[in-house]
Amino acid sequence: MGLLYEVGDTVTLKKVHPCGSRDWEILRVGADFRLKCTGCGHQIMVPRKMVEKNTKNLIKKEK
């Protein structure tokens, strides 16, 4: 079984964003993910498959 992604978690992806950050906050989960760059605040929509393939680390949000 793969990782369990939830809204509010932070993922570290393999590729660096142009602002220099690798960490993204998950804003929406489903067939597509909405991610927000923790460095500059830029938001993107990407397919679930791309996120699952390129995730290096998953940091769960504090409850």
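No experiment lies behind these values; they were computed from the predicted model shown. (Residues numbered from 1 in each chain as written. Predicted model: local features only at pLDDT ≥ 70, side-chain atom pairs only at ≥ 80, totals over all residues. Heavy atoms only, no water.)

Enquirer: Tell me about the sheet that holds strand β5 (residues 55-59), and name the residues and values.
Expert: The sheet built from five strands is open, its strands ordered β4-β3-β2-β1-β5 with antiparallel pairing. The outermost strands of the open sheet, each flanked by one partner alone, are β4 (43-47) and β5. Taken pair by pair, the neighbouring strands of this sheet meet at an average axis angle of 35°, ignoring direction. Here strand β1 (residues 10-13) pairs with strand β2 (residues 23-28) via three bridges, running antiparallel. Its bridge partner lying in β2, Thr12 is registered against Asp23. (Pairing = 2+ DSSP bridges. Helix = DSSP H or I, 4+ residues; strand = E, 2+ residues; numbered from the N terminus. Axes fitted to C-alpha atoms, helices over the stretch in contact; angles between N-to-C directions.)

Enquirer: Just give me the short version of the pattern of salt bridges, but keep the residues and values in it.
Expert: Applying the stated rule across the entire model yields three salt bridges. A salt bridge links Lys60 to Glu6; its shortest N-O distance comes to 4.0 Å. Taken together, the residues span a long stretch of sequence, with Lys60 in the segment after β5 and Glu6 in the segment before β1 at a distance of 54 residues. For Glu6, a relative accessible area of 32% gives the class partly exposed. Between Arg48 and Glu52 there is a salt bridge whose closest N-O contact spans 3.3 Å. Taken as a pair, Arg48 and Glu52 lie in helix α1 (residues 48-54) at a separation of four residues, close to a single helical turn. Through salt bridges with shared partners, one network takes in Glu6, Asp9 and Lys60. (Salt bridge = Lys/Arg side-chain N within 4 Å of Asp/Glu carboxyl O. Buried < 20%, exposed > 50% of the residue type's maximum accessible area, 1.4 Å probe, protein only.)

As far as function goes, none of this settles anything; it's purely spatial.
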